[in-house]
Amino acid sequence: MSTATQPPTIELDRVVIRFAGDSGDGMQLTGTQFTTVSSLFGNDTATLPDFPAEIRAPAGTLAGVSAFQVHISDHDILTPGDSPSVLVAMNPAALKANLPSVTGGGTLIVNVDAFDERAFEKAGYSGNPLTDGSLSGYTVYEVPMTSLTMEVGKEIGVKPRDAERAKNFFALGLVSWLYSRPVDTTLEWIAKRFEASPAICEINSRAFRAGHAFGETAELFESNYQVRPAALHKGTYTNITGNTALAWGLIAASHQARLPIFLGSYPITPASDILHELSKHKEFGIRTIQAEDEIAGIGAAIGAAFGGSLAVTTTSGPGIDLKSESIGMAVSLELPLVVIDIQRGGPSTGLPTKTEQSDLLHAMYGRHGESPVPIVAPRTPSHCFDAAIEAVRIATKYRTPVLLLSDGYLANGSEPWRLPDVEELPDLQVEFASEPNHTDADGREVFWPYVRDERTLARPWALPGTPGLEHRIGGLEKEDGSGNVSYDPENHEKMVHLRAAKIAGIASDIPALEVDDPDGLGGAQVLVLGWGSTYGAIAAGVRRVRARGAKVAHAHLMHLNPFPRNLGEVLRSYAQVLVPEANLGQLVRLVRAEFLVDARSLTKVQGVPFRAAQIEEAVLEMLGVDSNTSEAEEDVAS
Amino acid sequence: MTDTQVPVTTRKDWTSDQEVRWCPGCGDYSILAAVQMLMPELGVRRESTVFVSGIGCAARFPYYMDTYGMHSIHGRAPAIATGLAVTRPDLDVWVVTGDGDALSIGGNHLIHALRRNVNLTILLFNNQIYGLTKGQYSPTSELGKVTKSTPFGSLETPFNPVSLALGAEATFVARTHDMDRKHMQETFRRAHEHRGAAFVEIYQNCNVFNDGAFEKITGRDARADNLIPLVHGAPIRFGADAQHGVVLGPDGRLRICAVSEVGEEALLVHDESREDPGLAFQLSRLAAGPYEPTPIGVFRAVERPEYADAMAHQLLEANERKGPGDLAGLLTSGGTWTVE
């Protein structure tokens with residue numbers, strides 16, 4: 001495709017691109033494919049899908065704008081980028097909604113065909129932003145994407161409506177040229193994805209080629225760019241979202257535990273993709289039920305756990321409220337259960353498609369009675385795989401429900417993941433009870449369901465179908481050992497303490513908290529303590545602080561209950577502690593209460609992740625360093 | 001779980017060591033006795049039998065059976081039992097529930113378990129009152145019922161549990177009562193034999209909070225006049241001299257007639273196996289409540305694929321199509337690249 005007039009190619013070390021359009025414009029598909037191509041090409045990538053809760057909000061309005069941000073680089077990166085330097089806007093609303101986040105002097109590629117009076121009105125523009133001088137600080141490329149795509153459609157006799165819908169592929173082609181992405185990978189993908197409808201397949205691939213050719217020949221662009229592959233660790237990589245990683249982690253854990261998966265789940269954003277993914281893989285012996293409600297989803301899972309399955313339920317937002325009673329029952333029954341909560345903005349229906357970390361205290365305390373549960377939180381999309389395995393390990397070993405707290409950002413965000421060697425995964429083999437474990441007063445060998453393992457305090461898992469171990473369990477308080485219903489005051493107190501001690505004891509079975517402090521523990525003045533999806537922004541922010549020559553430490557919790565056994569020591573090693581969270585300060589409350597440290601909270605509840613610059617600014621302020629000096633590189637290499 | 005012969009058992013083998021704690025005179029005792037005495041006749045193993053219950057007086061049932069059991073939370077037993085039955089088709093899973101448990105807080109789970117046709121034997125103890133919470137009206141209490149929570153009478157139209165189950169696409173629907181052990185056992189036996197969700201409503205007397213609720217149907221003196229026995233393949237008739245019968249009128253509606261007036265040939269012959277649940281539904285509504293002639297017996301018993309069987313079939317198909325699950329293959333299924 002190269003010609004003598006092809007513009008020069010400029011090398012970049014990184015770029016952040018945001019694709020934005022109507023929710024029906026296919027921006028998520030476009031962004032995802034651009035990411036896949038970049039990953040396959042060898043870049044490091046990180047993504048931030050950002051879409052409305054409405055399936056199709058009124059076209060052309062700000063409410064209906066759907067965007068996908070992708071960060072590609074030639075070095076390892078931690079976030080989808082604070083602000084895009086390139087915005088592809090398919091209409092005025094997409095421009096208006098996303099312009100504030102674009103870096104000054106950034107590039108705007110607009111579908112000029114969509115810029116008319118009616119569209120301005122819908123987007124709330126009083127005039128044409130392309131001509132009123134308001135974009136003078138940006139480099140603007142006006143490209144007639146719709147009409148050029150329609151032209152292509154006319155040539156091959158596709159209905160105008162179908163042709164019009166292919167304009168996102170034109171945009172993908174254009175941006176693929178602009179960043180020197182391989183063409184064939186995307187053409188192959190289009191051929192496979194639209195195999196079932198040849199006409200759609202044809203127009204999409206033609207539109208893609210047309211967009212690519214337009215960039216090459218239109219003499220609109222002075223240059224195009226190249227982002228070289230990143231020097232990632234040796235290995236085989238795939239690009240993965242958090243929800244897929246969770247589903248695969250469960251499958252891996254099921255394989256390692258030799259227990260079939262049972263998933264009881266009710267569809268809810270942004271957790272449904274786990275149900276979809278697990279439903280696809282019946283060849284692994286996975287049983288899934290789309291239950292009649294959230295309560296039935298977890299109820300069926302508890303029934304399956306009683307029967308010896310690896311029982312899982314998945315949910316988000318209001319769904320975790322509905323499951324609370326059943327989680328309490330699982331605490332009392334002491335059966336293994338994995339409860340996955342993909343946190344989203346709340347309260348109530350809140351922000352279904354936006355991220356938040358505001359269910360931590362609910363996970364800790366959201367049940368009546370003293371009912372402790374272990375909590376595990378992944379930090380990146382690919383880390384969801386490890387977190388799922390860890391949740392299964394704890395649940396099966398300690399016969400307890402485990403709450404796994406992911407969130408909307410991790411669920412839909414993606415990153416390259418170096419595949420683990422499946423032979424190296426931990427063995428999670430469980431032992432079921434097979435014989436009586438107690439001699440009763442009459443000297444008979446009997447089975448008592450609440451006789452505990454001395455080390456773990458876990459009770460036996462005795463499956464129906466095992467002769468001689470017939471027993472009854474229930475939500476009523478049980479007598480220690482026999483499991484018979486007991487209202488005895490001393491026994492109740494003992495059982496409450498036993499259940500608490502069992503969960504607290506897990507601290508000795510999880511890794512100590514690692515601290516990223518180049519000067520060793522206590523070397524820096526400020527420690528940033530995070531949990532879950534703030535990992536990328538905190539780690540990137542910390543790199544930026546260090547790039548200025550200042551000292552800062554970072555520790556990130558995967559286990560929220562119990563905490564790692566050295567957390568108190570780590571906290572006390574630093575003069576100042578900063579806890580950034582996408583809530584109003586939930587972890588900070590826990591560590592202040594538990595360790596009496598004067599930890600400071602940094603909060604953000606906008607439905608979007610922290611930016612690295614926010615972390616940097618907060619740390620610099622604590623260090624008394626002026627943050628207004630020259631802006632550090634956004635994602636400096638470590 | 002094995003091919004060896006099922007051991008011979010007696011009622012005692014199925015009775016746990018726990019003291020039964022229902023009120024003296026409660027109808028639950030006779031239901032428990034009926035089940036414990038029936039179990040040795042069913043040719044099933046104790047270890048493969050599981051009783052799952054929710055909350056309420058009836059829900060204590062699993063504690064008294066020397067089998068596997070779970071006394072769960074209010075209303076959720078059908079959901080919990082679904083998860084167990086779907087993952088362990090080798091087990092015999094029974095659900096014991098009450099009118100509040102199954103039809104109020106757990107109504108959603110009941111109808112969906114029936115619709116899915118999960119292999120469960122569901123025994124609904126209907127006493128038309130909340131007993132464990134000491135006497136509030138239930139979803140089957142009659143309109144105008146005066147209770148602690150309805151001192152001026154209930155304003156609510158009750159559910160007819162049999163109509164509800166038929167409307168929920170249940171494949172086996174029956175009604176029995178606590179005054180007739182033989183009928184209970186025969187009905188439970190049929191329900192247990194049914195592959196799929198079997199629903200049995202049991203008229204059960206709460207002698208403390210709602211004594212005599214079913215007296216007009218199940219009382220020894222009243223039975224002949226008001227209990228309409230449903231017998232598959234037989235004309236539907238009742239009365240001390242079988243002088244009354246049920247007729248399907250030209251308008252498509254069922255009504256009760258004197259056999260002497262319409263003749264024996266005109267009587268509706270009961271057929272449990274009708275695909276169309278319409279007539280079964282009409283039968284369930286012959287009486288407005290348990291104070292006028294009311295059918296007792298199996299309303300409907302039809303075959304439909306059982307849920308766990310259908311799911312197991314899908315798993316088998318996937319295995320044949322894709323081969324057994326390959327973890328390493330799964331991880332590379334989304335496209336990979338290699339960094340040297």
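Reading the values: rules and limits
- Residues numbered from 1 in each chain as written.
- Chains lettered and ligands numbered in written order.
- Predicted model: local features only at pLDDT ≥ 70, side-chain atom pairs only at ≥ 80, totals over all residues.
- Pairing = 2+ DSSP bridges.
- Helix = DSSP H or I, 4+ residues; strand = E, 2+ residues; numbered from the N terminus.
- Contact = placed C-beta atoms within 7 Å.
- Axes fitted to C-alpha atoms, helices over the stretch in contact; angles between N-to-C directions.
- Buried ≥ 20, exposed ≤ 12 C-beta atoms within 10 Å, placed from the backbone.
- Core = buried A, V, L, I, M, F, W, Y, C linked by C-beta atoms within 7 Å.
- Parallel < 35°, antiparallel > 145°, perpendicular 65-115°, else oblique.
- Left-handed = near helix turned anticlockwise from the far one by under 90°.

Re the pairing of strand S9 (residues 244-248) of chain B
Residues and elements named next belong to chain B.
Then, number 1: In the sheet, strand S8 (residues 237-238) pairs with S9 via two bridges, with the strands oriented antiparallel. From the neighbouring strand, Phe238 faces S9, where its bridge partner is His244.
Then, number 2: Where S8 folds back on S9, the antiparallel hairpin that results is connected by five residues, among which Gly239 adopts a positive phi of roughly 105°.
Then, number 3: Here S9 pairs with strand S10 (residues 254-258) via five bridges, running antiparallel. Among the inter-strand pairings, Gly245 is bridged to a residue of S10, identified as Cys257.
Then, number 4: Taking the residues that link successive antiparallel strands as the turn, the S9-S10 hairpin has five residues, and the phi of Gly252 there is positive, at about 80°.

Details of the sheet that holds strand S20 (residues 515-516) of chain A
Residues and elements named next belong to chain A.
Then, number 1: Ordered in space as S20-S22-S21-S24-S25, the five strands form an open sheet in which the pairing is mixed. Edge positions in the sheet fall to S20 and strand S25 (600-603), since each of these pairs with one other strand and no more.
Then, number 2: Looking at chain direction, S20 and strand S22 (residues 552-557) are connected through two bridges and run antiparallel. Bridge pairing in S22 places Asp516 opposite His554.
Then, number 3: Relative to the sheet, helix H19 (residues 587-595) contacts strand S21 (526-531), strand S24 (576-581) and S25, its axis offset from that of S24 by approximately 145°.

Looking at the pairing of strand S6 (residues 198-203) of chain B
Residues and elements named next belong to chain B.
Then, number 1: Where burial is concerned, most of S6 is hidden: six out of the six residues are buried.
Then, number 2: Going residue by residue along S6, you find Ala198, Val200 and Ile202 tucked away on one face and Phe199, Glu201 and Tyr203 tucked away on the opposite face as well.
Then, number 3: Both strand S4 (residues 120-126) and S6 contribute to a ladder of six bridges, which runs parallel. Bridge pairing in S6 places Leu124 opposite Glu201.

Quick word on unusual backbone geometry
All names here are of chain A.
Then, number 1: Here the residue pair Gly346 and Pro347 is connected by a cis peptide bond, since its omega of 5° sits within 30 degrees of zero.
Then, number 2: Looking at the element boundaries, Pro347 is found in the loop between strand S13 (337-343) and helix H13 (360-365).
Then, number 3: Note that the residue after Asn561, namely Pro562, is joined by a cis bond; omega there is -10°.
Then, number 4: Its place among the elements puts Pro562 in the loop between strand S23 (559-561) and helix H18 (567-572).
Then, number 5: Look at Leu457: it is not a glycine, yet its phi comes out positive at around 65°.
Then, number 6: Relative to the helices and strands, Leu457 resides in the loop between strand S18 (445-446) and strand S19 (472-474).
Then, number 7: Of the residues examined, Leu457 has 20 C-beta atoms within 10 Å and is grouped as buried.

A short note on the interface of chain B and chain A
Then, number 1: Facing 52 residues of chain B, the contacting portion of chain A comprises 58 residues.
Then, number 2: Elements with a contribution of two residues or more to the side of chain B that touches chain A: strand S2 (68-71), helix H2 (77-87), helix H4 (107-116), helix H11 (307-322), helix H12 (327-331) and strand S12 (337-339) of chain B.
Then, number 3: Sort the elements by how many residues they give to the side of chain B that touches chain A and H2 of chain B lands first, with eight residues.
Then, number 4: With three bridges joining them, S19 of chain A and S2 of chain B adopt parallel strand pairing. Directly across from Arg472 of chain A, in S2 of chain B, lies its bridge partner Gly69 of chain B.

Comments concerning the sheet that holds S10 of chain B
Then, number 1: The three strands are arranged S8-S9-S10 (chain B) in an open sheet whose pairing can be described as antiparallel. Of all strands in the sheet, those bounded by a partner on one side alone are S8 and S10 of chain B.

Brief notes about the nonpolar core
Then, number 1: The biggest cluster of nonpolar side chains holds 201 residues, and the ones touching the most others in it are Ile302, Ala388, Val392, Leu404 and Val528 of chain A together with Phe199 of chain B.
Then, number 2: Here this core gets ten residues from one element, more than from any other, and that element is helix H14 (residues 383-398) of chain A.
Then, number 3: Each residue touching Val528 of chain A, except ones within four places of it in the same chain, is listed here: Ile538, Val542, Val552, Ala553, His554, Leu578, Pro580, Ile615 and Val619 of chain A.
Then, number 4: Among the nonpolar cores identified, the runner-up in size contains 54 residues, and Met90, Ala93, Val110 and Ala210 of chain A belong to it.

Details of the packing of helix H11 (residues 294-306) of chain A against H2 of chain B
To characterise two packed helices, one gives the angle between the axes of the helices and the distance between these axes.
Then, number 1: Closest axis-to-axis distance for the H11 of chain A/H2 of chain B pair is 6 Å, and the angle between their directions is 45°. The angle between the axes of H11 of chain A and H2 of chain B places the two elements in the oblique class. For the pair H11 of chain A and H2 of chain B, the sense of crossing is right-handed. Packed against H11 of chain A, whose contacting residues are Ile295, Ala296, Gly299, Ala300, Ala301, Ile302, Gly303, Ala304 and Phe306 of chain A, the element H2 of chain B presents Ala79, Ile80, Ala81, Thr82, Gly83, Leu84 and Thr87 of chain B at the interface.

Let's talk about the environment of Leu596 of chain A
Residue and element names in this part refer to chain A.
Then, number 1: Relative to the helices and strands, Leu596 resides in the loop between H19 and S25.
Then, number 2: Accessibility expressed as a C-beta count within 10 Å gives 11 for Leu596, which makes it exposed.
Then, number 3: Measuring from C-alpha to C-alpha, the distance between Leu596 and Leu571 comes to 9.7 Å, with 25 residues separating the pair along the chain.

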